[in-house]
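Architecture at a glance
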Amino acid sequence: MGYKAKFRIWRGEGGEGRLEDFTVEVNEGEVVLDVIHRLQATQTPDLAVRWNCKAGKCGSCSMEINGRPRLGCMTRMSTFEESETITVTPLRTFPVIKDLVTDVSFNYQKAREVPSFTPPADVKPGEYRMQQVDVERSQEFRKCIECFMCQNVCHVIRDHEENKPNFSGPRYFIRIAELDMHPYDVAERKEPAQEEHGLGYCNITKCCTEVCPEHIKITDNAIIPMKERVVDRKYDPLVWLGSKIFKRQR
Amino acid sequence: MERHEYDVVVIGAGGAGLRAAIEARQQGKRTAIVCKSLFGKAHTVMAEGGAAAAMGNVNSSDNWMVHFRDTMRGGKFLNNWRMAELHAKEAPDRVWELEAWGALFDRTKDGKISQRNFGGHEYPRLAHVGDRTGLELIRTLQQRVVALQQEDEKLHGDPEAYIKVFAECTITRLLKDGDAISGAFGYWRETGDFILFDAPAVVLATGGIGKSYVVTSNSWEYTGDGHALALLAGAKLINMEFIQFHPTGMVWPPSVRGILVTESVRGDGGVLRNSEGRRFMFDYIPDVFKDKYATTEEEADRWYDDQANNRRPPELLPRDEVARAINAEVKAGRGSPQGGVFLDVSTRLPAAEITRRLPSMHHQFKELADVDITKEPMQVGPTCHYIMGGVEVDADTGAASVPGLFAAGEVSGGMHGSNRLGGNSLSDLLVFGRRAGAGAAGYVDGLAKRPSVTGVEEAKAEALAPLERTGGENPYEVHHELQRTMNDLVGIIRKSEEISEALQVVEKLKERAKNAASSGSRIYNPGWHLALDLRNMLLVSECVAKAALLREESRGGHTRDDFPGMSAGWRRKLLVCSAKPDGTSVTVEERAQPSMRGDLIGLFERSELEKYLTEEELAEYDAAVKES
Ligand SMILES: Cc1cc2nc3c(=O)[nH]c(=O)nc-3n(C[C@H](O)[C@H](O)[C@H](O)COP(=O)(O)OP(=O)(O)OC[C@H]3O[C@@H](n4cnc5c(N)ncnc54)[C@H](O)[C@@H]3O)c2cc1C
Ligand code: SF4
Ligand code: SF4
Ligand code: FES
């Protein structure tokens, strides 16, 4: 059942690196991360890779496999031909620390720029009442495992370092949308999405939605509705007022 | 070397660590959070089923007393009853607080937090979000930390003025000044550079030890660091013989063996069958639970809709019972083709309902095993999941016996006795995380002067050693051998000879680990990291094996083939582990379990207590009942 697979893995640290070739055993049912672990145990003990859950739940093991952003722990070896050489490289949008590990601090910085959940002052813990249908929209976005693959693939920052200061990226558009659609959040979200987080840079290519391992409809359910409402808001203050009043009615 | 001064250093960024840090910061303490992975990736993220809290939203008969009783029963009465009491009383407030910080739990029809059934819980009690509750919990706490940082930025111009996260940073030693804690020493994974925390209080929230076993639901982080750090600093561990083997881990393909299949599958109607198609759990209802579980399939199935008039299905017995039953079925030759048993929801719920309630299980099986759980049964078997044992702490403050050291979450011991109920961990993290954070803050307030750090040079030398050796042992091989040994010899069913054999192997591995060598640089070097983790895994394994050898009875997460019964005498005894500062030897001593407070023991019927307590204790019970 087992066979020898050919891998090319990006190795390097401190800004330098190269693709290295490996031949490594693969057994039935294995995923790319298993093979990387076997390399660590048998050939390259210092090969750096992030992982935690091995079940697609933590978003640690993001990498580019044959040029496509994937979770290493959810990419089965059976999806490749046995003769194929599999190329594994780190996420391209973020600086490489070593081998497959990148510096993703950009994302944590952006997370801090989104104002937190802001409930009305008079609702006490335990008093929240919400219907399932009203929380489901935000729940979709809260499925995000912060793998940052949508951030990695978005062309606004993928090869454009200069856009990073002004663009939070799809991960944080869904965070803003989540708060905007939260039945108890009272902060203004849409205007800042446009003005401060760079929603305007997005031209709805949908690459982010395509790579999301949680199948979150980033563009259709978060970005597009927010863009539409930003437009509404710009033309007609009453629409905005209406939406906020509606939200508070519950 | 990089050096930081804090009031409180929290080691661990899972539910317990984050809740502790939030509390310390809310009480005005300068707080550091240190963790091995990125922020938001701690083990808590993997929890699926839910957080147990007697809010009574689904069944209004539920209250803290019922939850307390269930917890004590689940732990076979070995629990620290004060912890079980605080936990049952405070869990609802901790869950509601999360909602006020932005968590979005699934809802009941009247708009409250929905609660689901789980093994050992009398009423539907687990607050949940589909089967990704841990993600919701950790993200909410992570976002709460960010909210506090945003506040601090407004107030002080620096978001990290009062609470800062040191991610991908591993602590290898706690530092002391005389008897008391004075800081912590570690390395940045990213660079290999050393880092020193100068702090009078340290909260351990490092989680579990599962990586000492081959078949486990735990990630690489679970190398028992906090358990070992506490031991080396002079604190004590209790209940280390009790390890929870979750009954349902994946068994195939081999590379995912052990990955968890949430208990919600059974809570929502899934049933266990053997190769003959029999729902075998009916054959394994132990005497102590006879009156609480259904004896026919008809009654069990009626229970899902009418809990007042029917008893629970035996698939929802506490985990230790179900794990042993599966083990026995497989041994008797009635297992599934891939060495487990069948867990089936496909014939129990409509496909759409399965994908709504168990989305991540559906995804996990589809992606990793090519199995569509809406159409066919899963194959499952026991997996090392959780350690009940841990740092001995004061229930109210989380304080360990070493001044300045606190512990909360999976790394602490006592709350769950000999077996944890599903859902009681997430609530434990919140309740005791908060208490440990407050305990640490209070301790710092009471100090006359800051202690000073010592022992830094020794810590440095210890950490560098594997990189300086050439041609030594391969740490991966030492690790594999330890995992196999613990799995085979100190696993779900134990015997004296096998445990002794394991202890001999551990001794040999300790020698080999001392000689472990890592090639490569200090930058993000997993081989080096593993070499350092070996010390912790070996120390913890020694505790587990030594305590397991001493306890001559079977109870909860400790099953002795040579002592199959539960003994009332042993219930009164806790096994306490301590170690020399250089980690060379572990000693285990017996300690008497304090008697339960009168009003708490009075919550049980005498007929139930008779199954657990000694004559002497029953006399105390009669006296207490008479008095009230
Ligand atoms: C698959 C799975 C499903 C589960 N489902 C449930 C459930 O439904 N309900 C429930 O109640 N429980 C569940 N549990 C159990 C529960 O998730 C854990 O017990 C709990 O999350 C432990 O939380 P913690 O805060 O103690 O530690 P963790 O969340 O594990 O965090 C430990 C932290 O400590 C850090 N750390 C460790 N060592 C060091 C070191 N040396 N230096 C620095 N940092 C360190 C780690 O990086 C990490 O941040 C589940 C467990 C698993 C594995
Ligand atoms: S849709 Fe917008 S956010 Fe998503 S990848 Fe394209 S440009 Fe980026
Ligand atoms: S939205 Fe999807 S792709 Fe983006 S970080 Fe979250 S899980 Fe990953
Ligand atoms: S290891 Fe957690 S998503 Fe891959």
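Residues numbered from 1 in each chain as written. Chains lettered and ligands numbered in written order. Predicted model: local features only at pLDDT ≥ 70, side-chain atom pairs only at ≥ 80, totals over all residues. Heavy atoms only, no water.

An unreviewed UniProt entry annotates chain B as Succinate dehydrogenase flavoprotein subunit of Microbispora bryophytorum. Its UniProt record, at the heading Cofactor (unreviewed entry), says of chain B: "FAD". (UniProt positions renumbered as here; feature names shortened; annotations may be inferred.)

Per an unreviewed UniProt entry, chain A is named Succinate dehydrogenase/fumarate reductase iron-sulfur subunit, and its organism is Microbispora bryophytorum. The UniProt entry for chain A carries the following comment under Pathway (unreviewed entry): "Carbohydrate metabolism; tricarboxylic acid cycle." You can read under Sequence similarities (unreviewed entry) in the UniProt record for chain A the words "Belongs to the succinate dehydrogenase/fumarate reductase iron-sulfur protein family."

**A look at the UniProt feature "coiled-coil region" (unreviewed entry) in chain B**
When the UniProt feature table is mapped to this numbering, "coiled-coil region" (unreviewed entry) covers residues 492-519 of chain B. Along residues 492-519 of chain B one finds 68% helix and 0% strand; the C-alpha atoms at either end are 36 Å apart. (Helix = DSSP H or I, 4+ residues; strand = E, 2+ residues; numbered from the N terminus.)

**Brief notes about the UniProt feature "domain: FAD-dependent oxidoreductase 2 FAD-binding" (unreviewed entry) in chain B**
In the numbering adopted here, UniProt assigns the feature "domain: FAD-dependent oxidoreductase 2 FAD-binding" (unreviewed entry) to residues 7-426 of chain B. Between the end C-alpha atoms of residues 7-426 of chain B there is a gap of 26 Å, over a span that is 29% helix and 20% strand.

**Details of the interface of chain B and chain A**
Across the contact, 67 residues belong to chain B and 59 residues belong to chain A. The junction of chain B with chain A conceals about 5200 Å² of combined surface from both sides, 52% of it contributed by carbon and sulfur atoms. Contact with chain A buries surface across chain B, with B:K41, B:L104 and B:Y524 losing the most and accounting together for 13% of the total. Inspection of the chain B/chain A interface yields 6 salt bridges. Where chain B meets chain A, there are 39 residue pairs in polar contact (both at pLDDT 80 or more). (Contact = heavy atoms within 4.5 Å. Buried area = accessible area lost by both parts, 1.4 Å probe. Salt bridge = Lys/Arg side-chain N within 4 Å of Asp/Glu carboxyl O. Polar contact = N/O pair within 3.5 Å; in protein donor to acceptor, adjacent residues only side chain to side chain.)

**Thoughts on the environment of A:V96**
Residues and elements named next belong to chain A. Examined against the element boundaries, V96 turns out to sit in strand β6 (residues 96-98). Here the alpha-carbon distance between V96 and E228, two residues 132 residues apart in the chain, equals 37 Å. Those residues in contact with V96 that lie beyond four places of it in its chain are W10, G12, P90, V101 and T102.

**Points about the site of ligand 3**
Close to ligand 3 lie A:C144, A:I145, A:E146, A:C147, A:F148, A:C150, A:I174, A:C212, A:P213 and A:I218, which account for all nearby residues. Across the shell around ligand 3, the residue classes tally to 9 nonpolar, no polar and 1 charged. (Near = heavy atom within 4 Å. Nonpolar A, V, L, I, M, F, W, Y, C, P; charged D, E, K, R; others polar.)

**Let's talk about the pairing of strand β8 (residues 169-177) of chain B**
All names here are of chain B. Across the 9 residues that make up β8, a large majority, 7, are buried. Relative to strand β9 (residues 180-188), β8 is paired through 8 bridges, and the arrangement is antiparallel. Pairing of R173 across the sheet is with F185, part of β9. Connecting β8 to the antiparallel partner β9 that follows it, the hairpin turn spans 2 residues, and G178 within it adopts a positive phi of roughly 65°. (Buried < 20%, exposed > 50% of the residue type's maximum accessible area, 1.4 Å probe, protein only. Pairing = 2+ DSSP bridges.)

**Concerning the packing of aromatic side chains**
Residues and elements named next belong to chain B. Applying the stated rule across the entire model yields 21 aromatic pairs over all chains. Centroid distance Y213 to F245: 5.8 Å. Interplanar angle 80°. Geometry classified as edge-to-face. Of this pair, Y213 sits in the loop between β11 (201-204) and α5 (225-232) while F245 sits in strand β13 (residues 243-250), placing them 32 residues apart in sequence. Each member of the pair, Y213 together with F245, is buried. Ring pairs connect the aromatic residues W64, F68, F77, F604 and Y612, which therefore count as one cluster. (Phe/Tyr/Trp six-rings, centres within 6.5 Å; stacked < 30°, edge-to-face > 60°.)

**What about the packing of helix α13 (residues 475-489) of chain B against helix α14 (residues 496-514) of chain B?**
All names here are of chain B. Two elements in contact, α13 and α14, have axes whose closest approach is 10 Å; the angle formed by their N-to-C orientations is 170°. Between α13 and α14, the crossing angle belongs to the class labelled roughly antiparallel. Side by side, α13 and α14 meet where E477, V478, E481, L482, T485, D488 and L489 of the first sit next to E498, I499, E501, A502, V505, V506, L509, R512 and A513 of the second. Across the contact of α13 with α14, the residue classes tally to 9 nonpolar, 1 polar and 6 charged. (Axes fitted to C-alpha atoms, helices over the stretch in contact; angles between N-to-C directions. Parallel < 35°, antiparallel > 145°, perpendicular 65-115°, else oblique.)

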